[in-house]
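Examining the three-dimensional arrangement
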Amino acid sequence: MDNRDTLRDERLTRVDIFGDDNHADWPATSATATRFASIKTIRQAIAKALLDQGRLPVGKSTVLDALWADFINITRTARAIARDLPGFAAPYLLPGDDTERAIKLHADALLNLLEDNLKPVADGGDNPEQLATKAALRQRFIDYFLPVDFVAHLRADCDLLDQKNKDKISGNDEGNQATGEIEVQLQKGNDEVAHITAALQNLYARDPAKLRSWLAASKVERSPKKKKDGGTNNINSSGPATPGTNP
């Protein structure tokens, strides 16, 4: 991604966190809730495309190593949580061996526990109560400073392993496709944020603090400008800086 795309991706991360922190402000069945869920799906797609773009030239063993590293982080954190919740760590312990089959089965099991299933409920997707339970479960890990998108990274690594096994197209072709997919997903994110902004400006019309928080989260930051060569830094050239100041 170029710098502009990186800033747009970072905006989606802030939007996702805002949605998690404030989801009680809107009904779980509302269009706004659905759009925040879509932001999560978009972020997962971007994470996967980034892996496709940057990792495909490496061998399958590197992908398996990445999954094992994901497991170690989750296991270590689950053991810490289990100090207060006996038995909590059991589903998160490392698999008994590091074969590809064992790694894939364990990754699928973890995703089943931690990842939102955003299919319609009638098709087996999670209902609002299940989504809330999974969000609370993920938060236990995030409270120990696992990245807020640690599940998305696990999904991306797992999907990359599947792609490696399919091995249908060349790495270069996949990299080009990944770049195009990132742009598609970022545009989807822009659209979703625009819809959410319209709704939250109405919802928070009498809550200026919340509205400012949303507008800050949903804004795409500006790229820092490079200093021109030979430019001045406003230091007084007539003598040394005055003590106690920050030149």
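In case you missed it, the structure is sitting above this.
Figured I'd write up the structure that's included with this text. (Residues numbered from 1 in each chain as written. Predicted model: local features only at pLDDT ≥ 70, side-chain atom pairs only at ≥ 80, totals over all residues. Heavy atoms only, no water.)

It is worth spelling out the environment of L105 at this point. As for its placement among the helices and strands, L105 is situated in helix α4 (residues 100-114). Given the relative accessible area of 47%, L105 is considered partly exposed. Linking L105 and P95, residues ten residues apart in sequence, is a C-alpha distance of 8.8 Å. (Helix = DSSP H or I, 4+ residues; strand = E, 2+ residues; numbered from the N terminus. Buried < 20%, exposed > 50% of the residue type's maximum accessible area, 1.4 Å probe, protein only.)

A word on the side chain of D70. Inspection of the secondary structure assignment puts D70 in helix α3 (residues 60-82). The residues contacting D70, other than those within four sequence positions of it, are H153, L154 and D157. (Contact = heavy atoms within 4.5 Å.)

Moving on, we come to α4. The end-to-end C-alpha distance of α4, which contains 15 residues, comes to 21 Å, matching closely the 21 Å that a straight helix rising 1.5 Å per residue would cover. Within α4, burial applies to A102, I103, H106, A107, L110, L111 and L114. Axial view of α4: buried residues confined to an arc of 165°, hence all on one face. For α4, exposure combined with an orientation more than 90 degrees from the buried face picks out R101 and N112. Of the surrounding secondary structure, the elements contacted by the buried residues of α4 are α3, α5 (128-142) and α6 (150-166). (Expected span 1.5 Å × (residues − 1). Arc of directions from axis to C-beta.)

This brings us to the packing of aromatic side chains. Within this structure, the stated rule accounts for nine aromatic pairs. For the ring pair W26 and F36, a centre distance of 4.8 Å and an interplane angle of 5° mean the geometry is stacked. You can see W26 sitting in the loop between α1 (3-22) and α2 (31-55) and its partner F36 sitting in helix α2, a full ten residues away along the chain. Classification of F36 by relative accessible area gives buried; the value is 6%. (Phe/Tyr/Trp six-rings, centres within 6.5 Å; stacked < 30°, edge-to-face > 60°.)

With that out of the way, let us pick up the nonpolar core. L67, I74, F88, Y92, F141 and F150 are the most contacted members of the largest nonpolar core, which has 29 residues in total. For this core, the secondary structure elements donating two or more residues are α2, α3, α4, α5 and α6. Broken down by element, this core gets its largest block of residues, eight residues, from α3. Leaving out residues up to four positions away in the same chain, Y92 has contacts with I74, T75, A78, H106, L110, L113, L114, L137 and F141. (Core = buried A, V, L, I, M, F, W, Y, C linked by side-chain atoms within 4.5 Å.)

This part is about the pattern of salt bridges. Counted by the stated rule, this structure contains 15 salt bridges. A salt bridge links K104 to D108, with the shortest nitrogen-to-oxygen separation between them at 2.9 Å. Linking K104 with D108, this pair stays in helix α4, spanning four residues, or about one helical turn. The network of salt bridges with common partners includes D16, D20, K40, R43 and D149. (Salt bridge = Lys/Arg side-chain N within 4 Å of Asp/Glu carboxyl O.)

For the rest of this paragraph, the subject is α3. With 23 residues, α3 extends 33 Å from end C-alpha to end C-alpha; this agrees with the ideal 33 Å at 1.5 Å per step. If you check which residues of α3 are buried, you get V63, L64, A66, L67, D70, F71, I74, T75, T77, A78, I81 and A82.

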